[in-house]
Structure formats: structure tokens, C-alpha cells
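Summary of the model geometry
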Amino acid sequence: MSSAPSAPENGASLLDRIEDAALNPNVPLSDALRACIALGGRAGSAALREWAGRELNGYTGKKDLPDYRIVPASLYVDHTNLGGFNRMPQRVSPQMLRRDLPEGVREVIDEEVRLPDPIRTLEGHANGHEDDLRFTFGNSEMVAQFLTRLWQQQGAIASNQVVAAIYWKLPRPVLLGVLDRIRTALVVLVAELREATPTGQEVPSPTDTDNALKKAVGDIKIDGDHNVVTVQMSDSGDITAKIKDSPDNEGEATNRKVWSLVGWGIGILVAIVGAYAGLGQWLNWPAPW
């Protein structure tokens, strides 16, 4: 006896798969999002494919990140001794750090954390056992070294203390709330598509799909700022930078990043030279010039 043929994977079955995965908290969100990419391909919706793809692979552009992936969090600085022991976490205000940081890096210091990681990474964090999660930003080690030198010079910390880490502390329920919002958006997406798609039509139209996505997640930006800036500080305090531009995002946006980086570099160099001069006068070091 031959087995019954499997049901065709048409638009309606894709909607069922998205809905079933979104309604079941034990099913990873990535399963529903991959089905969204397939549905977006059949419906001719670039917006749905783009949104689901970025949720799966992560957001690379600062302007691309949806509002629901930006959440409030407490800012912390960890102090240790020179050997890295006796760690002392201290909650700090963004205003205090901005006061001491050069222009160009102040923008990342705030009491909110951006969550650009792939959805599976966020689910992994949320399914852990820690009550509080720690998130940091790129080049945070370099900023910690800068603050160590500056605060030792100012007498804010002892000479045998270092700034070991700068990070945001995020309660795990907040991250669970972000994931729940995405899960709810998928259910809304399916509900809107079911209402908009005529009976008997297997695949929703591109317009109906885009409208349903907008109702589910709001306005999304398809082409955002994908420039990647990498800044490094050597042990001697020298700064090197690499700026990688996307082919579709050159010109003025890149120039703004370059000038911001130049301002950051000059500010750090001035602070380091000032620290050397102050310590040199006290310890009778020879002038470097």
C-alpha cells in the first residue's frame, strides 16, 4: 500500500508553520523566521525577507536596529588590582563617563543597551541561569585602559587599581520580553495575512504582506548604515583605525565617521600626553620631544 503524499508547502502551509512555531514557546524563533523568508520569497516581499533575515543573522548597521531591540540597562565599571583580582563592580552614571571620554566615544555611553545579535544568540542568553546578563560594546577594553590612565592621573583611583571592564547589566526578564515581543509580532503577521488574503488564494500579495509586516513590527529600514569602524590602541598609546564601507553607502556618511574617529583619536592622544607630562614632572622623566 502506497503512503499518502505529503501536503504541498504552499503559502497557506507556510502560514501554519509560522503560526505553530510562534505560538509554541518551546520552538526556537529561528524556525518561524526561516519560514518567513520562504513566505517572503513566494509572496514577492523583499521587506519580509529582509526583516526575517536580519533577525536570524543579526543587525550590522546602527540605523537598522529596531526600537524593540534597544532596552534600558544599568551601566557598570569593574575595578580590580593590577593582578586582576579583588573585582569591585560599581554602578556609574553615563554623565560621569561622558565627562571623561573624548568626543566620538561618548555616543555609545548611555543607560540603554543595543541588541544586534542573531536571534539564536539572544535566545541562548535568555535560556541561561544568570539573573543578570552583561553586555559590552566594541573596543571597550581600549576605553577601559584610557580611563585607567586618566583616573589614576586625577587621583580618582589608586595607582594599583585598574578599570577592568565597562558593561551594561541587563536583567534576564528584560531580554525575555524582547523575545516575547518578536514572537507576538509573528502571530500578528499571520493574523493580518489571513484576514487580507482572499479565500482560495494560496500566497498573499506583496502589498498585503508588506502591510501585515508593518502592522506587526512597525516601519523597518531596508538599506541602513553598514559602515564598520574598528579602533585599536597599542600598549604605547598609538591608535590605528580601519573603516570598511559598504558599496552602497559611501561619501558623506563615511566622512562623518572619519571625522568622528579623528576627534576621538586626538582627544585620547592629548590625554595620554598630558598624563605623561604630569607624571614626568613628578618623577623627573625626560621629555619625549
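Okay, so let's go over this structure. (Residues numbered from 1 in each chain as written. Predicted model: local features only at pLDDT ≥ 70, side-chain atom pairs only at ≥ 80, totals over all residues. Heavy atoms only, no water.)

1. Points about the overall build of the protein chain
As a reminder of what qualifies: Counting from the N terminus, the helices are the DSSP runs of H or I reaching at least four residues and the strands are the DSSP runs of E reaching at least two. Exposed residues in this analysis have more than 50% of their type's maximum accessible area, buried residues have under 20%, and partly exposed residues fall in between, with area computed by a 1.4 Å probe over protein chains only. Residues are treated as being in contact if the distance between any of their heavy atoms lies within 4.5 Å. Working definition of accessibility: Shrake-Rupley area with a 1.4 Å probe, residue cover restricted to the visible protein chains.
Helix and strand counts for the protein chain stand at nine helices and eight strands. Within the span of the protein chain, comprising 289 residues, buried residues form 39% of the whole. In the protein chain, 68% of the contacts between residues at least 6 apart in sequence involve partners at least 24 apart. Working note: accessible area of the protein chain is about 16,300 Å², and carbon and sulfur atoms make up 52% of it.

2. Some thoughts on the side chain of Asp 100
The condition that has to hold: Residues adjacent in sequence count toward polar contacts only when both atoms are side-chain atoms; beyond that, a polar contact is any pair of N or O atoms within 3.5 Å, and within protein one must be able to donate a hydrogen and the other to accept it.
Tracing the backbone shows Asp 100 in helix H4 (residues 94–100). Here the side chain of Asp 100 touches Trp 151 through a polar contact of 2.8 Å, side chain to side chain.

3. What about the sheet that holds strand S2 (residues 74–81)?
Worth spelling out the cut-off: Here, any two strands with at least 2 DSSP bridges between them count as paired. To obtain each axis, a line is fitted to C-alpha atoms, and for helices this fit is confined to the stretch in contact; angles are then taken between N-to-C directions over 0 to 180 degrees.
Pairing is antiparallel in the open sheet, where four strands are placed in the order S3-S2-S6-S5. Whereas interior strands pair on both sides, the edge strands pair on one side only; in this sheet they are strand S3 (88–91) and strand S5 (132–135). Put simply, the sheet's adjacent strands are angled 40° from each other on average, direction ignored. When S2 meets strand S6 (residues 161–171), the two strands line up antiparallel, connected through eight bridges. From the neighbouring strand, Ser 74 faces S6, where its bridge partner is Lys 169. The strands touched by helix H7 (residues 172–196) within the sheet are S5 and S6, with S6 carrying the most contacts at an inclination of about 50°.

4. Remarks on the pattern of salt bridges
To keep things clear, this is the line we draw: For this document, the term salt bridge refers to a Lys or Arg side-chain nitrogen within 4 Å of an Asp or Glu carboxyl oxygen.
Overall, the coordinates contain 13 salt bridges when judged by the stated rule. Among the ionic pairs, Arg 194 bridges to Glu 19, the shortest N-O distance being 3.0 Å. Here Glu 19 lies in helix H1 (residues 11–23) and Arg 194 lies in helix H7, a separation of 175 residues in the sequence. A relative accessible area of 23% means that Glu 19 is categorised as partly exposed. Between Arg 54 and Asp 64 there is a salt bridge, and its shortest N-O distance comes to 3.6 Å. A residue pair is termed long-range when its members are at least 10 positions apart, and Arg 54 in helix H3 (residues 46–57) and Asp 64 in the loop between H3 and strand S1 (70–72) qualify at ten residues.

5. Considering the pairing of S6
Pairing of S5 with S6 involves four bridges; the strand directions are antiparallel. Following the sheet pairing, Leu 133 is matched in S6 by Leu 170.

6. Here we look at the packing of aromatic side chains
Convention followed: Aromatic pairing here means that ring centres of Phe, Tyr or Trp (its six-membered ring) are within 6.5 Å. Orientation follows from the plane angle: under 30 degrees is stacked, over 60 is edge-to-face, and everything else is tilted. Sitting over a ring, as applied to charges here, requires NZ of Lys or CZ of Arg to be within 6 Å of the ring centre and within 35 degrees of the ring normal.
The final tally for this structure, using the stated rule, is one aromatic pair. Consider the rings of Tyr 76 and Tyr 167, whose centres lie 5.9 Å apart with planes at 10°: the pair is stacked. With Tyr 76 in strand S2 and Tyr 167 in strand S6, the pair connects residues that are 91 residues apart, well separated along the chain. It is Arg 134 that lies over the ring of Tyr 167; its NZ or CZ is 3.8 Å from the centre.

7. As for the environment of Pro 89
Position of Pro 89 relative to the elements: it lies in strand S3. Leaving out residues up to four positions away in the same chain, Pro 89 has contacts with Tyr 76, Val 77, Asp 78 and Tyr 167.

8. Brief notes about helix H5 (residues 119–126)
Cut-off, in case you're wondering: Along the arc lie the directions from the helix axis toward the C-beta atoms.
For H5, the set of buried residues is Ile 119, Leu 122, Glu 123 and Ala 126. The buried side chains of H5 occupy one side of the element, clustering within an arc of 100° when seen end-on. Looking at the buried positions of H5, the neighbouring elements they touch are helix H2 (29–43), H3 and H7.

9. Focus: the nonpolar core
Here is the rule: By convention a nonpolar core is built from buried Ala, Val, Leu, Ile, Met, Phe, Trp, Tyr and Cys residues, the set being connected through side-chain atoms within 4.5 Å.
The biggest cluster of nonpolar side chains holds 60 residues, and the ones touching the most others in it are Trp 51, Leu 97, Leu 147, Ile 166 and Leu 186. When near neighbours in sequence (up to four residues on either side) are disregarded, Leu 186 contacts Ile 18, Ala 22, Leu 29, Ala 32, Leu 33, Cys 36 and Trp 51.

10. Here we look at the packing of H2 against H3
Put simply, the rule reads: Roughly parallel refers to an angle under 35 degrees, roughly antiparallel to one over 145, roughly perpendicular to one between 65 and 115, and oblique to any angle outside these ranges. Should the near helix be turned counterclockwise from the far one by less than a right angle, the crossing is left-handed, whereas a clockwise turn marks it as right-handed. Under the grouping applied here, Gly and all other residues not named as nonpolar or charged are polar, the nonpolar ones being Ala, Val, Leu, Ile, Met, Phe, Trp, Tyr, Cys and Pro and the charged ones Asp, Glu, Lys and Arg.
Axis separation between H2 and H3 bottoms out at 8 Å; the angle between their running directions is 155°. The pairing of H2 with H3 is recorded here as roughly antiparallel in orientation. Judged by the sense of rotation from one axis to the other, the crossing of H2 with H3 is left-handed. Contacts between H2 and H3 involve Ser 30, Leu 33, Arg 34, Cys 36, Ile 37, Leu 39, Gly 40 and Gly 41 from the former and Leu 48, Arg 49, Trp 51, Ala 52, Gly 53, Glu 55 and Leu 56 from the latter. Within the contact of H2 with H3, the residues separate by chemical class into eight nonpolar, four polar and three charged.

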